[in-house]
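Report on the structure
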Amino acid sequence: MSRRFPCHRWALAAALFAASCIPAHAALRVFACEPEWGALAQELGGKLVDVAVATSALQDPHQIQAKPSLIARARNADLVVCTGAELEIGWLPVLLQQSGNARVQPGQPGNFAAADFVRKLDVPAQLDRAQGDVHAAGNPHIQTDPRNIVLVANALATRLQQLDPANAAQFAQAHAEFAKKWEQAITRWSAQAAPLRGTAVVSQHKAFVYLYDWLGIKEVAVLEPKPGVEPSAAHLQGVLAALKGAPAKMVLYAAYQDPRPSEWIAKNAGLAIVKVPFTVGGSDAAKDLFGLFDDTVARLLAGAAKP
Ligand SMILES: [Zn+2]
């Protein structure tokens with residue numbers, strides 16, 4: 001515990017003059033853009049953090065409105081934890097600006113972008129947002145590889161210690177415990193998922209490149225013509241024709257997405273269809289980060305086992 005003094009009623013008058021009178025429950029206020037980072041901050045911060053998450057697993061993180069309720073949350077935050085890599089480019093900059101909170105602006109210790117700490121995939125040679133491409137700065141969906149979660153956890157633990165040095169030892173201990181459990185879990189998931197290596201799949205959105213990179217899964221087609229662009233009927237017909245030459249086993253879509261394009265291709269190309277939770281809360285089993293990967297691996301194995 002840090003040396004903080006509770007504001008008892010008898011101390012109220014004195015408190016007006018005493019700057020040392022801080023409410024006993026002065027947890028670090030964390031504002032997370034996506035559920036996976038809220039869950040990670042909770043793992044690393046425990047009772048020392050008060051976490052608010054801007055979006056749910058059933059919302060498209062590329063397309064969020066900077067609502068007044070979200071702006072109000074960001075106004076009081078000590079730390080904003082988001083994906084970065086331009087995933088939130090359509091809403092986070094305006095949200096941060098409207099918040100008027102100097103501590104969480106880009107470049108400040110209170111601003112943390114997870115993608116800064118991992119090796120990004122699909123990085124284009126030059127920025128091109130033509131035709132609505134929402135992955136212009138590289139693929140932002142880094143949370144689908146648990147090895148990335150480790151890298152982000154290392155950096156986030158350091159940041160929490162920096163922002164709340166009085167509790168640095170507790171943050172370090174929580175981080176060490178999480179990292180140990182997580183490495184054991186990765187070993188387990190990798191072994192369970194070994195049969196998936198080399199499996200050919202179709203993705204509705206380019207949401208799973210890191211997952212495929214981890215498990216050695218082969219993406220042979222994508223239903224969206226460009227990231228974030230809904231496939232037309234003609235485009236789906238083209239994918240169907242291409243699959244005749246390069247057959248796939250299953251089609252994957254994220255829990256937040258409209259499943260109809262995946263359902264269409266599954267039916268017409270004879271593929272298994274797999275709804276991936278994609279983040280914490282994306283399925284009943286994905287209650288925390290461990291459940292997220294338990295369930296993701298289980299669903300992929302079930303899809304691959306379909307005749
Ligand atoms: Zn995307």
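For the structure itself, consult the block above.
Reading the values: rules and limits
- Residues numbered from 1 in each chain as written.
- Predicted model: local features only at pLDDT ≥ 70, side-chain atom pairs only at ≥ 80, totals over all residues.
- Heavy atoms only, no water.
- Donors = N, O, S within 2.8 Å, 3.2 Å for Na, K, Ca; no water.
- Tetrahedral: all angles 85-135°; square planar, octahedral: opposite > 155°, others 65-115°.
- Helix = DSSP H or I, 4+ residues; strand = E, 2+ residues; numbered from the N terminus.
- Buried < 20%, exposed > 50% of the residue type's maximum accessible area, 1.4 Å probe, protein only.
- Pairing = 2+ DSSP bridges.
- Right-handed = clockwise from strand over helix to strand, strands pointing away.
- Contact = heavy atoms within 4.5 Å.
- Axes fitted to C-alpha atoms, helices over the stretch in contact; angles between N-to-C directions.
- Parallel < 35°, antiparallel > 145°, perpendicular 65-115°, else oblique.
- Left-handed = near helix turned anticlockwise from the far one by under 90°.
- Nonpolar A, V, L, I, M, F, W, Y, C, P; charged D, E, K, R; others polar.
- Core = buried A, V, L, I, M, F, W, Y, C linked by side-chain atoms within 4.5 Å.
- Phe/Tyr/Trp six-rings, centres within 6.5 Å; stacked < 30°, edge-to-face > 60°.

Coordination sphere of the zinc ion, protein contribution only: His-62 (NE2), His-135 (NE2), His-141 (NE2) and His-205 (NE2), at 1.9 to 2.1 Å. Angles of 104 to 121° at the metal separate the four donor atoms of the zinc ion, which places the site in the tetrahedral class. The motif formed by the donor residues of the zinc ion, counted along the single chain, is H-x72-H-x5-H-x63-H. Taken together, the residues His-141 in the loop between β4 (111–113) and α5 (146–163) and His-205 in the loop between β5 (200–203) and α7 (209–215) connect sequence positions 64 residues apart. Here His-141 falls in the buried class, since its relative accessible area comes to 1%.

Before going further, it helps to spend a moment on the pairing of strand β6 (residues 218–222). In terms of strand pairing, β5 meets β6 through four bridges, oriented parallel. Its bridge partner lying in β6, Val-201 is registered against Glu-219. Following the backbone out of β5, through α7 and into the adjacent parallel β6, one traces a crossover that is right-handed.

Let us now look at the side chain of Asp-295. In this fold, Asp-295 is placed in helix α10 (residues 289–305). Taking relative accessible area as the criterion, Asp-295 reaches 11% and is therefore assigned buried. Not counting the four nearest positions on each side in its chain, Asp-295 is found in contact with Pro-277, Ser-283 and Ala-285.

Take the sheet that holds β6 next. Pairing is parallel across the open sheet formed by four strands, whose spatial order is β6-β5-β7-β8. With one partner strand each, in any of the chains shown, β6 and β8 (272–276) form the two edges of the open sheet. Taken over all neighbouring pairs, the strand axes of this sheet differ in orientation by 30° on average, direction set aside. Across the sheet, helix α8 (residues 233–245) touches β5 and β6, and the angle it forms with β6 is around 145°. Helix α9 (residues 260–269) rests against β7 (250–254) and β8 of the sheet, and its axis sits at about 175° to β7.

With that settled, consider the packing of helix α3 (residues 68–75) against helix α4 (residues 92–99). Remark: α3 packs on α4, axes separated minimally by 8 Å, with the N-to-C direction vectors making an angle of 60°. Taken together, the axis directions place α3 and α4 in an arrangement best described as oblique. In this structure, the crossing between α3 and α4 has a hand that is right-handed. Facing α3, whose interface residues are Leu-70, Ile-71, Ala-74 and Arg-75, α4 presents Leu-95, Gln-98 and Ser-99. Split into classes, the residues belonging to the contact of α3 with α4 amount to four nonpolar, two polar and one charged.

Let us now look at the nonpolar core. Soluble globular proteins tend to bury their nonpolar side chains together. Leu-40, Trp-182 and Leu-252 are the most contacted members of the largest nonpolar core, which totals 61 residues. Element by element, the count of residues in this core is highest for α5, at eight residues. Dropping the residues within four chain positions of it, Leu-40 is found in contact with Ile-149, Val-152, Ala-153, Leu-156, Phe-178 and Leu-289. By size, the runner-up hydrophobic cluster in this structure holds 15 residues, among which are Ile-64, Leu-92, Leu-95 and Val-104.

Bringing the packing of aromatic side chains into the picture now. Tallying each qualifying case throughout the model produces twelve aromatic pairs. Their ring planes at 35° and their centres at 5.2 Å tell us that Trp-189 and Phe-293 sit as a pair that is tilted. You can see Trp-189 sitting in helix α6 (residues 168–192) and its partner Phe-293 sitting in helix α10, a full 104 residues away along the chain. As far as the burial class goes, Trp-189 and Phe-293 line up, both buried. Within the aromatic cluster, the residues linked to one another by ring pairs are Phe-178, Trp-182, Trp-189, Trp-214, Phe-290 and Phe-293.

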